[in-house]
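Structural features, examined
What follows is each chain in one-letter form.
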Amino acid sequence: MDYGGRVDRSSMVYYSQQSMGDPNINESSMVHGTETVFEDCEIFLGGNEMVDGCEAIISDKMGHEAEMILDYKMVDIHDSKMVHSNEIVPGGSKVDPGGEMVPYDQTVLHCNQTVQSSEIASGNVTTGVKPPTSSKRRRKTSMVWEHFTTEDSEGCTRACCKHCNGIFAYSSGSKMSGTSHLKRHVTQGHCPEIKVQEPRAGGTENDCQGTVDKPSKRRRRTCTGYANARFNPDCSKSYLAKMIILHDYPLQIVQQPTFISFVEGLQPSFKVVNTDAIEAEVCAVYLKERESVLKQVGNIPGRINLTVQSWTTSQTLGYVSLAGQFIDSEWKLHRRMLNFVMVPWPGCSENAVSEAISRSLPQWNMTDKLFTVTGYYDSSSHDIYSLNLREELSRKNIPMLRGQFLVVRCYAHILNAAASDVTASVQSVIYKIRESIKFIKSCVSHEEMFAHIILQLQIPSNQTLCLDIKAQWNTTYLMLLAALDYKQAFTMLEKCNDNYNQAPSAVDWEKVEVACRYLKLLYDSANSIMATEDPTANIFFHEAWTIQREISNATDHQDSISSAIAKGMHEMFDKYWKDCNVVLAIAVVMDPRFKMKIVEFSYSKIYGLMKGAKYVKLVDDDIHELYKEYVRQPLPLTPAHVEQEVTGALPNDKNNIPTDPTSIGNLLSGFDIYLSEVAVSQIPKSELDQYLEEALVPRMLEFDILKWWKLNAVRYPTLSRMAQDVLAIPMSTVGRGSSVFAAGTEAKMLDDYQSSLHPETLEALFCAKDWLQHSSPAP
């Protein structure tokens, strides 16, 4: 409280003279008109007196019969004096040092009560209740009733908070307590269950006098946070559908009693829909997101590449999922699910894939823009499969380079197939190691005995023994790697414990060592791919040729165990290398750090100098042939770029015009003839040849190949379009966020719930989940 003229909050101030009817009272010193002052506002009523936080209705002049409506206290501030506590001091009265009041003849109204002047005693107020003038009850329109309920108890009505169950006064007979205190409870953070922060209201401060400008009209207080947020049932229903889509919840979740109770506890106004309604909402989300993806795909400057994944069900129904991978006009790599369709054939057949692609491309307006199709194809039937698929798709599409690169085998599936072949060759040893780990982990005494043996043998390894997941070969590799460190401990355990008889032999450990050596090649290659967030096609060549060289050399190894494992692995990987090495090489040539140099180097290591040169020529011929196809296509309309630094052209300037152009023209006429002769004799180099002849870009750790091509698209307008399509080729069907080790070598299986859904609903769930994961999060 400030006695320098500032009045405590919730106090009403007015001027008093010896008599409120004194005609000498200056009207300008009073509050003119009917003013309403809200809480959280400070009002200046003349002089240096202030009102902080009250509501008052004051007439122009206040006489003996003036009526005043107030919420809290009436204070006489004449001579800068104030009244404390809950005392009511009518106008014209004075407060003596003893706290006595001299009442004056007037009427004071407080919360629908009439207080006569004769009933005001010193320090106390005796009220007489005036019955309401109308028997009609006013409808509750305040926002607080969204958070409060009323309860009748012992002749009075109380308000109960829905959130914290707090009890507040509301009415007793005809006496009404109002809703201001209820509103403060909700909006000012008093309720422990609702934490909202309300901005402090106030006027414009005066640095000199510390006063606050009085608002000129009544203002409604605004409440921030979610306490008064308007509930939107349609928006909530859409969020519910997106939650089901993103988290693979069953549609029947909306009919589960516990879920219904949970939602009603959060928002009683939300009526949970049934299964049919939420299925329709899921389809609505799918259609809305599809429009956005359709627009994005329609703006692709180049061609689109597809990945194919086959699915099956317990009813042997076949499904095919198609995803499109492309680079947009900003040189950003994208992969989006396009379709998830049922096919009348098994999902892995060429007829099923051809049918799904032929049905999908027209829906996305990409009939003439297909570049490659990547999927898992069995190595033994890849040639026939590729030929049949190429013929089927060529009927409706015009593939690039006669469809030579139309069908691409998935690199991740090849890694998994090779790893499965390696683990199969030592399956008996893997079984012994699994049983040994189970024995050690089955009992605390066994673990303690094994730990004691490790200490005795002083084995320095910190590897942890753990069982593998049979469906993920990387866990099998890590299990074998850890077991190798403790091979002596397993042998000692067998001697110390008669119940343990699964220790691998010395020959078994040799097989494990060889198997781990080859599994490490595959493991490191898979991790290298997954380490790249959006892997472009150029990175796969380095991984593939390294494995091909190591396996090729291992087949000639004198060790019978090593050569036996390497031969089976080489037979499988060598088939992939022959099918895909050219497209892998073309992709890495588009990397300005390597170009054709890396192809020459790697082929010489794999095939030798003489044979390697022949394969290098095949790659060079194919890349030039592919470039010619892009040359025959018209360039897109782009703004002209004038590079004065390159052309040497200067802007027109009248001052630069020679004074005697005729003489200079005669001198240079022979020069013009010379230039024309040179131009005829010299063949201009193509963009591809210029690119290949330029020096390599220095290798750096954080090199962004897409950014490099974006910056150099002006120099290579045609070659950049070719690079845009080639770098977008998906060498693996495994997308971002998925594990290469879980790719598997067979069709994926839908569960019983997914198999029971309608094909259109299943497509909406699969596609919308992929699209929502790439869309902007909801506010």
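Given two aromatic rings, one states the distance between the centres and the angle between the planes to describe the pair. In this structure the tally under the stated criterion is 32 aromatic pairs. Considering the side-chain rings of tryptophan 145 and tyrosine 170, the 5.1 Å spacing of their centres and the 85° angle between planes classify their relative orientation as edge-to-face. A residue pair is termed long-range when its members are at least 10 positions apart, and tryptophan 145 in the loop between β12 (128-129) and β13 (148-153) and tyrosine 170 in strand β15 (residues 167-172) qualify at 25 residues. In this pair, the class of tryptophan 145 matches that of tyrosine 170, namely buried. Ring centres 5.8 Å apart and planes at 50° place the aromatic pair tyrosine 411 and tyrosine 576 in the tilted group. Of this pair, tyrosine 411 sits in helix α7 (residues 411-425) while tyrosine 576 sits in helix α14 (residues 560-589), and the two are 165 residues apart along the sequence. Among the aromatic residues, those joined into a ring-pair cluster are Phe541, Trp577, Tyr603, Tyr607 and Tyr615. The side chain of arginine 290 reaches across the aromatic face of tryptophan 364, ending 4.5 Å from its centre. One Lys or Arg, arginine 517, reaches over the ring of tyrosine 518 and ends 5.8 Å from the middle of that ring.

It is worth spelling out the nonpolar core at this point. Core analysis: the biggest nonpolar cluster contains 111 residues, and Met590, Val599 and Trp709 have the highest contact counts within it. Considering each element in turn, this core owes the most residues, 16 residues, to α14. Methionine 590 has contacts with Ile623, Tyr691, Ile705, Trp709, Leu719, Met722, Ala723, Val726 and Leu727, leaving out every residue within four places of it along the chain.

Moving on, we get to the pairing of strand β18 (residues 318-327). With 10 of its 10 residues buried, β18 lies for the most part within the structure. Neither face of β18 is left uncovered, since the one carrying Gly318, Val320, Leu322, Gly324 and Phe326 and the one carrying Tyr319, Ser321, Ala323, Gln325 and Ile327 both have all their residues buried. In the sheet, strand β17 (residues 304-312) pairs with β18 via eight bridges, with the strands oriented antiparallel. Bridging across to β18, asparagine 305 finds its partner in glutamine 325.

Interhelical geometry of helix α4 (residues 275-298) versus helix α23 (residues 759-774) gives an angle of 50° and a closest axis separation of 9 Å. Considered as vectors, α4 and α23 are oriented oblique to each other. Of the two elements, α4 crosses α23, and the hand of that crossing is left-handed. Contacts between α4 and α23 involve Glu279, Val282, Val285, Tyr286, Glu289, Arg290 and Val293 on the former and, on the latter, Thr761, Glu763, Ala764, Leu765, Cys767, Ala768, Trp771 and Leu772. Class assignment of the residues belonging to the contact of α4 with α23 gives a composition of 10 nonpolar, one polar and four charged.

Our focus in this paragraph is the environment of serine 358. Secondary-structure assignment places serine 358 in helix α5 (residues 350-363). Classification of serine 358 as partly exposed rests on a relative accessible area of 22%. Residues serine 358 and asparagine 397, spaced 39 residues apart in sequence, show a C-alpha to C-alpha distance of 9.3 Å. There is a polar contact of 2.8 Å between the side chain of serine 358 and the backbone oxygen of serine 354.

Cut-offs and rules
- Once a new chain begins, its residue numbering starts again from 1 and follows that chain's sequence as written.
- Residue-level local features of this predicted model are given only where pLDDT is at least 70; pairs of side-chain atoms are given and counted only at 80 or more, and the full residue set underlies all totals for whole chains, interfaces and linings.
- The basis for the side-chain values is all heavy atoms of the structure; hydrogens and waters are excluded.
- Note on aromatic contacts: the rings of Phe and Tyr and the six-membered ring of Trp form a pair at centre separations within 6.5 Å, being stacked when their planes are under 30 degrees apart, edge-to-face when over 60 apart, and tilted otherwise.
- Here a strand is any run of E in DSSP of at least two residues, a helix any run of H or I of at least four, and the numbering for each starts at the N terminus.
- Per-residue accessibility, obtained with a 1.4 Å probe over protein chains only, is compared with the maximum for each type, and a residue is labelled buried under 20%, exposed over 50%, and partly exposed between these values.
- Any Lys NZ or Arg CZ found within 6 Å of a ring centre and within 35 degrees of that ring's normal is scored as a charge over the ring.
- We call a set of buried residues a nonpolar core when its members are Ala, Val, Leu, Ile, Met, Phe, Trp, Tyr or Cys and they connect through side-chain atoms within 4.5 Å of each other.
- Any pair of residues with heavy atoms lying within 4.5 Å of one another is described as a contacting pair.
- Strand pairing is defined by DSSP finding a minimum of two bridges between the two strands.
- Orientation is described by axes fitted as lines to C-alpha atoms, over the contacting stretch for helices, and by angles from 0 to 180 degrees between their N-to-C directions.
- Throughout, the term roughly parallel applies to angles under 35 degrees, roughly antiparallel to angles over 145, roughly perpendicular to angles from 65 to 115, and oblique to all others.
- In this scheme the handedness of a crossing depends on how the near helix is turned from the far one: anticlockwise by less than a right angle means left-handed, clockwise means right-handed.
- Gly is placed with the polar residues, together with every amino acid not listed as nonpolar (Ala, Val, Leu, Ile, Met, Phe, Trp, Tyr, Cys and Pro) or charged (Asp, Glu, Lys and Arg).
- Identification of polar contacts relies on pairs of N or O atoms within 3.5 Å, with a donor-acceptor requirement for protein atoms, meaning one able to donate a hydrogen and the other able to accept it, and with residues adjacent in sequence counted only if both atoms are side-chain atoms.

Honestly, it's all geometry; don't read function into it.
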